[in-house]
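Here's the letter readout for the chains.
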Amino acid sequence: MSEILVKEYRGNIAENIHRGSIAVVSSTGDTIAYLGDIEKQTFLRSASKPIQVLPTLLAGLHRRFNLTEEEVAMFNSSHWGSNHHIYVLEEISRKTGINPEDMIMKPCGSTSATALAAKLTDQTRLHPREGKSKLQHCCSGKHFSLMLLQRELTGKVDGYERKDSPVQKQIINFISMLSQTPTYKIGLGIDGCGVPVFALPLRSIAMSYAKLVDPFSLSTELRDTIDYNFSCIHKHPEKINDYGTPSFYVNQNPDLIMKDGSRGVICMAIRSMKLGIAVKLEDGWTDEFQGLIIANILEQLKYDDADLIQKLRNCYTTKLYNDCGIEVGHSESDFKLTIDPTFFEIPDEEPKDIPDTAAEKVSDSDSEATSSQPAPAPHNIDLFGDGEMVDANTGIDVRTENSQKAEKSLAAFDQKVASAADKVAKATEAADDDSIIDEIISREDEEDQTQTPEPSLSPEEQRALRNKKSILGMTVVKPSANKTFISNPLVDPIKTRHDGSPTEPMTPADNTTDTDSVVPGFIRQEIKSANIISQKKRGN
């Protein structure tokens, strides 16, 4: 069940309450903190934009059309239609040859001229464009990205909004991969701007953002693409919403990323903590409360940026005024997350080497006797004054001698590890359980104890130690008997004809066909999907 996230007070009575849920998930899939129902199916809305842009960037279309970092940032935006947004969008249209009138949504006015913008504490840099146009729609940057990829895959922009179009099929695969949710479990709807919108558990949404800031299992190409996209956002945070908004302040910090969505969705990630955060307010009333909610979450997670937390609390006015302009109440957010108590634990430092005190003990008489004797000559000396130590008796370079010993020790250790691995491999071929493996490990321990006695581990403790470092300790997506499953990490080329059906790689002759449906100067390229194969098992 959802919990209270925000209260609106009139006087000292809570007149309105806004319930919701919060999920905080690590990049390995562990739930670090939560509040409310984090398994509830939730539409990503515009919070999916930093994922939706990835297929376009992987295709290299931003490079082909010489798009700037500011223009790439607009692909991620839910902009407010200020003049500085429209100028950049017009430049994207000029460079790519895509006509804004081909976008499927209707013209609208600028968000920076609405009542929401009037609640911002800092309104000095809001300059809405007059009139109405499709470019003023908050999702026009995303539509440019979708149309670019659709044209690359099919030769024309038509149909980019259909859920069975090549561009939408790629996008759902990316969402499936990053959220670790099979595609058949991702719900589909139609977003406010007319394109497909994706629904999945709130916890899985948080997971997708955690993977964005810690894509450890993804291909190098995709990791570089994600990093580049985020760098564009960090350099131009005003393009995501507008100046003075919560996302403007959050995205100035290169350790954080934030993207909101309509109707009560907030998504954020913390790179240094490898965490993804997803928030959903049930009543969808979130914009003016974003700063309060995010500030509370960061503070409870003990994030070290007090200045940012204060800016978030103050970016929207929290005071309630009546029609006479008199202050009559306020809003506040004081929810408490349930946080994994081990999250704040500092890992124990490795124990330092403790000298054998028994070997160092000497009698008082011996100590007095040795103290009266002159100090022995140093065993190692700097013979030539150049910092290179040599043995005083043999003249051998101490560092050379030590490195040779270290190399021999490492070689012996590697040989021992290889031998043990070979024994384990042969044993596992002959048995399905761990009994033989445990026997080998136990025998190896006995051999080691003849040289360096160490406390032995029970078979159960040994098995627990092995499992701690294995895939069993991680959250994975289990394949369904008859549905889609995920396989990571793989990169498969997607090859399409103009009708969207699979085909072989194009030959030079293929590039010359259907020239009337392709913008002049196009060089058709294969588009790579990102580390995911979606397929259905036959016969079910």
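Residues numbered from 1 in each chain as written. Predicted model: local features only at pLDDT ≥ 70, side-chain atom pairs only at ≥ 80, totals over all residues. Heavy atoms only, no water.

This paragraph deals with the side chain of Ser 165. Tracing the chain through its elements places Ser 165 in the loop between α7 (140–154) and α8 (166–179). Side-chain polar atoms of Ser 165 contact the backbone oxygen of Arg 162, separated by 2.7 Å. Once residues lying within four places of it in the same chain are set aside, the contact partners of Ser 165 are Gln 150, Gly 159 and Tyr 160. (Helix = DSSP H or I, 4+ residues; strand = E, 2+ residues; numbered from the N terminus. Polar contact = N/O pair within 3.5 Å; in protein donor to acceptor, adjacent residues only side chain to side chain. Contact = heavy atoms within 4.5 Å.)

Next up on the list: the confidence of the model for the protein chain. Per-chain confidence: the protein chain averages 77 in pLDDT, with 64% of residues scoring 70 or above. Within the model, pLDDT remains below 50 along residues 354–386, and this stretch shows 21 contacts once partners closer than five positions in the same chain are excluded. Across residues 466–540, confidence stays below pLDDT 50; counting only partners more than four residues off in sequence or on other chains, it has 133 contacts. (pLDDT = per-residue confidence, 0-100.)

This structure, assessed with the given rule, holds 3 aromatic pairs. Each ring, one from Phe 248 and one from Tyr 249, has its centre 5.3 Å from the other, and the planes form 65°; the classification is edge-to-face. Here Phe 248 and Tyr 249 have matching classes, each one buried. Plain terms: the ring middles of Phe 343 and Phe 344 are 5.1 Å apart, the flat faces sit at 70° to each other, and that makes the pair edge-to-face. In this structure Phe 343 comes out as partly exposed when scored by relative accessible area, which is 23%. When its relative accessible area of 31% is taken as the criterion, Phe 344 is described as partly exposed. Of the aromatic side chains, those joined through ring pairs into one cluster are Tyr 243, Phe 248 and Tyr 249. (Phe/Tyr/Trp six-rings, centres within 6.5 Å; stacked < 30°, edge-to-face > 60°. Buried < 20%, exposed > 50% of the residue type's maximum accessible area, 1.4 Å probe, protein only.)

Once that is clear, we can look at the pairing of strand β3 (residues 31–35). Judged from the 4 bridges that link them, strand β2 (residues 13–26) and β3 form a sheet pairing that is antiparallel. Looking across to β3, one finds that Val 25 is bridged to Thr 31. The turn joining β2 and β3, which pair antiparallel and follow one another in sequence, is formed by 4 residues; a positive phi near 95° is taken by Gly 29. With 2 bridges connecting them, β3 and strand β12 (residues 338–339) associate as antiparallel partners. Across the sheet, the residue bridging to Ala 33 is Ile 339, located in β12. (Pairing = 2+ DSSP bridges.)

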